[in-house]
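So the chains spell out like this:
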Amino acid sequence: MSAARSSGTTRVVILGGAAMGSFCAMSLRDQGFTGPITVVERDPSYARASTALSAAGIRTQFDTPLLVEMSLFGADYLRQTGEIMAFREEGYLVLADAGRAEHRARLAEMQTATGAEVALLDRAELSRRFPHLNTGDLACGTLGTRNEGWFDAWSMLTQARARAREAGVDYLTGEVTGLEAQAGAVTGVVLKDGTTLPCDWCVLAAGAHSAPLVAGLGIELPVVAKKRTAFAFRAPVDPAGLPLTCDVSGFWLRPEGQGFIGGIQPPPERDDHPPEDLEPDHDLLLDLFWPNLAHRVPAMEELRLDRTWAGHYEMNMLDQNAVIGPHDRFGNLVFCTGFSGHGVQHAPAAGRGVAEWIRHGAYRSLDLGPLGWARVRDGQPLSEGMVF
Ligand SMILES: Cc1cc2nc3c(=O)[nH]c(=O)nc-3n(C[C@H](O)[C@H](O)[C@H](O)COP(=O)(O)OP(=O)(O)OC[C@H]3O[C@@H](n4cnc5c(N)ncnc54)[C@H](O)[C@@H]3O)c2cc1C
């Protein structure tokens, strides 16, 4: 099936209007797409959207070179869009014990060769630069010296949304329940109120809740909601100038205002929950996060919890990587989902890629082909190991 690429009447309907949906919409206009674009969003407050609940970190330290390149584009975007993004380029510090040191060093070489700026620090250097860390059981750490840090995801979303609206994109409040298709093409988007929106292109950007929307077409998208709890706290450590730190135990930690935020993945036996469940896992603090934190940063044995919240990782159970690009049987259905907890930083690159595909029929900047549907169909994972 080959849908029209852009005439003034070619209709795009985007399912989900947070980071991915809004960057796809904005980028379509940037690429010169002139047809009507409708973004369907069930909750314009974004109270439950992963984008609004994320830690908004950006890093170039990934296993997959393409993700490094997507982050480099994201970092450029953040720098160019200015102060409002509150981009704090303080780096990610990824710690390694002896068993993982060689692997870390090889990854840093790959990331650097791909255009990132990542320094390998041995234990002595780690202790000198980060005296708050207990380095006794560490061998090394890798520190991004540019293009890494964190930003204001809410500003990123609202700015992309505002730019899309200024360019004539329509945001419709409604809940998508399924898709209609005929002869190998998606022809309509069905809403809960019974309305059907006809479309020539349909972009799936509904985050952790994407899979049920295409299940009716017989598409098994292995993206599920995985609840991740974050803790905001104060501790007797000066946060100024500290990087986002990823520990060997799996916890992550970064400065936030006068204090810190952090989290840790639950063990698999505690990782099953209904898809809409956003009740924070309070026990995770005492069972896992705090003990590991106090081991790595002894001064954080003392902490005062300010607040706890949970959001969803849109976990691709095949390989913890996004699915971007067209479906094989329904060629006008374009995925932009499954970012597995590292998506907000990749929204600018993913949105640009989807827009290039729809507008020009090919990726013109970064080739996002490796993240396409074919690997999911064929069960050929492009595994990303760096998910915190
Ligand atoms: C605690 C936490 C920390 C994170 N930290 C980071 C980080 O440091 N760096 C990073 O890059 N990423 C991080 N992420 C991941 C990041 O937030 C996501 O990858 C990204 O926000 C995904 O954007 P999205 O637009 O695909 O999904 P969402 O932001 O979830 O948006 C999907 C939208 O679709 C709408 N929707 C869903 N179903 C329907 C429907 N049926 N009809 C209409 N609308 C619908 C929803 O209301 C929602 O607004 C984190 C996530 C969490 C939870």
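Keep in mind it's a predicted model, so treat the numbers as computed, not measured.

With that settled, the discussion passes to the site of the ligand. By nearness alone, 35 residues border the ligand, and Glu41, Thr51, Gly57, Glu314 and Gln345 come closest of all. Contacts to the ligand include Glu41, whose side-chain N or O atom sits 2.6 Å from an oxygen atom. Ala56 is positioned with one of its backbone polar atoms (N or O) 3.4 Å from an oxygen atom of the ligand. Here the ligand loses 96% of its free accessible area of 1000 Å² to cover by the protein chains. Looking at the shell around the ligand, the elements that each hand over two or more residues are helix H1 (19–30), strand E2 (37–41), helix H2 (50–53) and strand E17 (304–316). Take the shell around the ligand: its biggest share by element is four residues, from E17. A breakdown of the residues in the shell around the ligand according to their chemical character gives 16 nonpolar, 14 polar and five charged. Shared between two domains, the shell around the ligand holds at least three residues of each, these being domain 1 (12–51 + 153–222 + 318–378) and domain 2 (89–149 + 228–312).

With 17 residues, helix H3 (residues 65–81) should reach 24 Å at 1.5 Å per residue; the first-to-last C-alpha distance of 25 Å fits that figure. Among the residues of H3, those classed as buried are Leu66, Leu67, Val68, Met70, Ser71, Leu72, Gly74, Ala75, Tyr77 and Leu78. Next to the buried residues of H3 lie H1, strand E3 (57–58), helix H4 (98–113), helix H6 (153–166), strand E18 (323–326) and helix H9 (347–360). Downstream of H3 by one or two residues, Gly82 has phi in the positive range, about 90°.

For the rest of this paragraph, the subject is unusual backbone geometry. Of note in this structure, Asn147 is not a glycine but carries a positive phi near 70°. Assignment of secondary structure puts Asn147 in the loop between strand E6 (140–144) and strand E7 (149–150). Positive phi outside glycine occurs at Gln320, with the angle close to 60°. Take Gln320: it is sitting in the loop between E17 and E18. What makes Gln320 partly exposed here is its relative accessible area of 27%.

The residue Gly149 is located in strand E7 in this model. A sequence separation of 127 residues divides Gly149 from Glu276, and the C-alpha atoms of the two residues are 29 Å apart. For Gly149, the contacting residues outside a window of four places in its chain are Ala56, Gly57, Ile58, Phe87, Arg88, Glu89, Glu90, Gly91 and Tyr92.

What follows concerns the domain arrangement of the protein chain. The figure often quoted for interface size is the accessible area lost as the parts come together. For the protein chain, the assigned domains read domain 1 (12–51 + 153–222 + 318–378) and domain 2 (89–149 + 228–312). For domain 1 versus domain 2, the distance between C-alpha centres works out to 31 Å. Listed as interface residues are five residues of domain 1 and, on the opposing side, four residues of domain 2. Surface buried jointly by domain 1 and domain 2 totals about 490 Å² across both partners, of which 35% is contributed by carbon and sulfur atoms. The three residues of domain 1 that bury the most area against domain 2 are Arg48, Ser50 and His209, which together make up 78% of that side's buried surface. Run the count over domain 1 and domain 2 and you get two salt bridges. For the pair domain 1 and domain 2, the interface holds two residue pairs in polar contact (both at pLDDT 80 or more). Classifying every residue of the side of domain 1 that touches domain 2 by side-chain character gives one nonpolar, two polar and two charged.

Let's shift gears to the side chain of Glu148. With respect to the helices and strands, the residue Glu148 is situated in the loop between E6 and E7. In this structure Glu148 is buried but unpaired, with Arg59 as the nearest side chain of opposite charge at 6.9 Å. Setting aside its immediate chain neighbours within four residues, Glu148 contacts Ile58, Arg59, Thr60, Gln61, Phe87, Arg88, Glu89, Glu90, Gly91 and Tyr92.

Turning our eyes to something else, we now look at the packing of H3 against H6. Closest axis-to-axis distance for the H3/H6 pair is 12 Å, and the angle between their directions is 75°. Classified by the angle their axes make, H3 and H6 are roughly perpendicular. Within the contact between the two elements, H3 uses Tyr77, Leu78 and Thr81 and H6 uses Met156, Gln159 and Arg163. Taken together, the residues of the contact of H3 with H6 sort by class into three nonpolar, two polar and one charged.

Cut-offs applied
- Residues numbered from 1 in each chain as written.
- Predicted model: local features only at pLDDT ≥ 70, side-chain atom pairs only at ≥ 80, totals over all residues.
- Heavy atoms only, no water.
- Near = heavy atom within 4 Å.
- Polar contact = N/O pair within 3.5 Å; in protein donor to acceptor, adjacent residues only side chain to side chain.
- Areas by Shrake-Rupley, 256 points an atom, 1.4 Å probe, with all protein chains shown as cover.
- Helix = DSSP H or I, 4+ residues; strand = E, 2+ residues; numbered from the N terminus.
- Nonpolar A, V, L, I, M, F, W, Y, C, P; charged D, E, K, R; others polar.
- Domains from an automatic or database assignment.
- Expected span 1.5 Å × (residues − 1).
- Buried < 20%, exposed > 50% of the residue type's maximum accessible area, 1.4 Å probe, protein only.
- Contact = heavy atoms within 4.5 Å.
- Buried area = accessible area lost by both parts, 1.4 Å probe.
- Salt bridge = Lys/Arg side-chain N within 4 Å of Asp/Glu carboxyl O.
- Lys, Arg positive; Asp, Glu negative; His and termini not counted.
- Axes fitted to C-alpha atoms, helices over the stretch in contact; angles between N-to-C directions.
- Parallel < 35°, antiparallel > 145°, perpendicular 65-115°, else oblique.

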